[in-house]
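Inside the fold
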Amino acid sequence: MPLALLALAVGAFGIGTTEFVMMGLLPNVADDLHISIPTAGHLVSAYALGVVIGAPLLAAVTARMSRRTVLIGLMALFVLGNALSALAPDHDWLLAARFLSGLPHGAFFGVGAVVATSLVAPERKARSVSLMFLGLTVANIAGVPVATLMGQHLGWRATFLGVSSIGLAAIASLFLLIPHDHTHAPAGGLRGELAALRSLPVWLALGTTVAGFGALFSAYSYVTPMLTDAAGYADSSVTLLLALFGVGATIGNLVGGRLADHSLRGALFGGLTSLAVVLALFPVLMGAEWSAALAVTLLGVAAFVTGSPLQLMVMEKASAAPSLASSANQAAFNMANAGGAWIGGLALAAGFGTTSPAVAGAALAVLGLAVAGVAYAVDRRRVPAGGRERVVASHVPQEAETLHR
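Not measured: the values here are computed from a predicted model.

1. Here's the deal with the pattern of salt bridges
Enumeration according to the criterion identifies 3 salt bridges in this entry. When the shortest N-O distance is used, the salt bridge between aspartate 32 and arginine 157 registers 3.4 Å. Taken as a pair, aspartate 32 in helix H1 (residues 4-33) and arginine 157 in helix H7 (residues 156-177) lie far apart in primary sequence, 125 residues in all. The shortest N-O distance in the salt bridge between aspartate 379 and arginine 265 comes to 2.0 Å. One end of the pair, aspartate 379, is in helix H17 (residues 356-382); the other, arginine 265, is in helix H12 (residues 264-280), with 114 residues separating them in the sequence. Residue class for aspartate 379 comes out buried when judged on its relative accessible area of 12%.

2. Details of the nonpolar core
The tendency in soluble globular proteins is for nonpolar side chains to be buried side by side. Judged by nonpolar contacts, the single largest core of 98 residues is most densely connected at Leu8, Leu174, Leu216 and Met286. It is helix H5 (residues 91-118) that contributes the most residues to this core, 10 residues altogether. Excluding residues that lie within four positions of it along the chain, leucine 8 makes contacts with Leu71, Phe108, Gly112, Ala116, Met132, Leu174 and Ile178. The next biggest cluster of nonpolar side chains, apart from the first, holds 15 residues, and it includes Val29, Leu33, Ala88 and Leu94.

3. Quick word on the packing of aromatic side chains
Within this structure, the stated rule accounts for 8 aromatic pairs. Here the aromatic rings of phenylalanine 108 and phenylalanine 109 are separated by 6.1 Å at their centres, their planes lie at 85°, and the arrangement is edge-to-face. Exposure class is identical for phenylalanine 108 and phenylalanine 109. Each is buried. For the pair tyrosine 220 and phenylalanine 245, a centre-to-centre distance of 4.3 Å together with 25° between the ring planes defines the contact as stacked. Of this pair, tyrosine 220 sits in helix H9 (residues 200-220) while phenylalanine 245 sits in helix H11 (residues 238-262), and the two are 25 residues apart along the sequence. Classification of tyrosine 220 as buried rests on a relative accessible area of 17%. Among the aromatic side chains, those forming a connected cluster through ring pairs are Phe213, Tyr220, Phe245, Phe304 and Phe333.

4. Structural notes on H5
In a regular helix each residue adds 1.5 Å, so 28 residues correspond to 40 Å; H5 covers 42 Å between its end C-alpha atoms and thus fits that length. Among the 28 residues in H5, 23 count as buried, and that is most of the element. By the N-cap criterion, in which a side-chain oxygen at the helix start approaches the backbone nitrogen of a residue two or three places on, H5 is capped by aspartate 90, the distance to aspartate 92 being 3.3 Å.

5. Comments concerning the side chain of threonine 250
The residue threonine 250 is located in helix H11 in this model. For threonine 250, a relative accessible area of 13% gives the class buried. When neighbours within four sequence positions are excluded, threonine 250 is seen to be in contact with Leu134, Thr137, Val138 and Ile141.

Thresholds, definitions, all that
- Residues numbered from 1 in each chain as written.
- Predicted model: local features only at pLDDT ≥ 70, side-chain atom pairs only at ≥ 80, totals over all residues.
- Heavy atoms only, no water.
- Salt bridge = Lys/Arg side-chain N within 4 Å of Asp/Glu carboxyl O.
- Helix = DSSP H or I, 4+ residues; strand = E, 2+ residues; numbered from the N terminus.
- Buried < 20%, exposed > 50% of the residue type's maximum accessible area, 1.4 Å probe, protein only.
- Core = buried A, V, L, I, M, F, W, Y, C linked by side-chain atoms within 4.5 Å.
- Contact = heavy atoms within 4.5 Å.
- Phe/Tyr/Trp six-rings, centres within 6.5 Å; stacked < 30°, edge-to-face > 60°.
- Expected span 1.5 Å × (residues − 1).
- Polar contact = N/O pair within 3.5 Å; in protein donor to acceptor, adjacent residues only side chain to side chain.

Shown next as structure tokens:
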């Protein structure tokens, strides 16, 4: 695997840290800015809104630019947003800065996935994407806990200055390691990218992402009360248990990338099935401390096995618009975040019990399987008799073909 993937992983590490650290800093921010916890919670929503809006928008407006230049520019915007967060004098400033910080998130992962797959041989494409996503999952193990501790002991502003320094390191890595000659923009430009999105298979792939990761966030958004109220853990133990989720996510991400290189759909269907089973077992597994810890780890594994396959599925279905489609998939991930949390909250509000969000998540995973099944049926109708399913390797960008010729 080329060193350029390390540069993408460093950027992913910084993005993953700033995305999730705000949850742990809400009390500190609320006290410092003299606002309530629910009002501070809008800072989480502002970041997610920035991701949803920025992912397709920035990918579209940069369609004719060198992907290397785009990645460096997106990380510069990331550094600016986090630096402005550290300097925020009040809630409104911080709200705008968090929105700005979220804008480059989806486009970075989207364009980064296209660059990652263009730098490796066809049989390693899924693994290249999983190595980029490795930065995101490792952020949940190391980046978020360290950044949270920094905020608690040095102030929350120090956390965002620290994240900005990670962004600067990512810019230096991208500048030094991403090659100039294999990251050119597609010949079709913006018009070609937009036209390629008028495809039912693309929208079915995006729908699978929304349902599949909505299943994860339906449960994960309420995992703390499950661990404390159902499993009986003390509040002080939750941080360590969430790190177990990060360990599971890292394992699942690496396994999913390897499996998807052998069978893209096999990894996707297997991952969604495993996710549905794990979530359905949550009410039982949350009955004891040891099994609850196992459940949190398995949730990370099962959910992130599908990460690379879903990203590649979208890129395959929109082979003429890989950057825009890949970025749109990142927006779909964040829509899944918001939608899954909302559905899990409905289950709780209806009085179905502390673990009911996990059961709702299992239903969403089954829905994801159904959408993936419809997508498979549509593809079968398009493939000639006796034909074989082609994964994203069949749509190798021209720069990758040149690289490995």
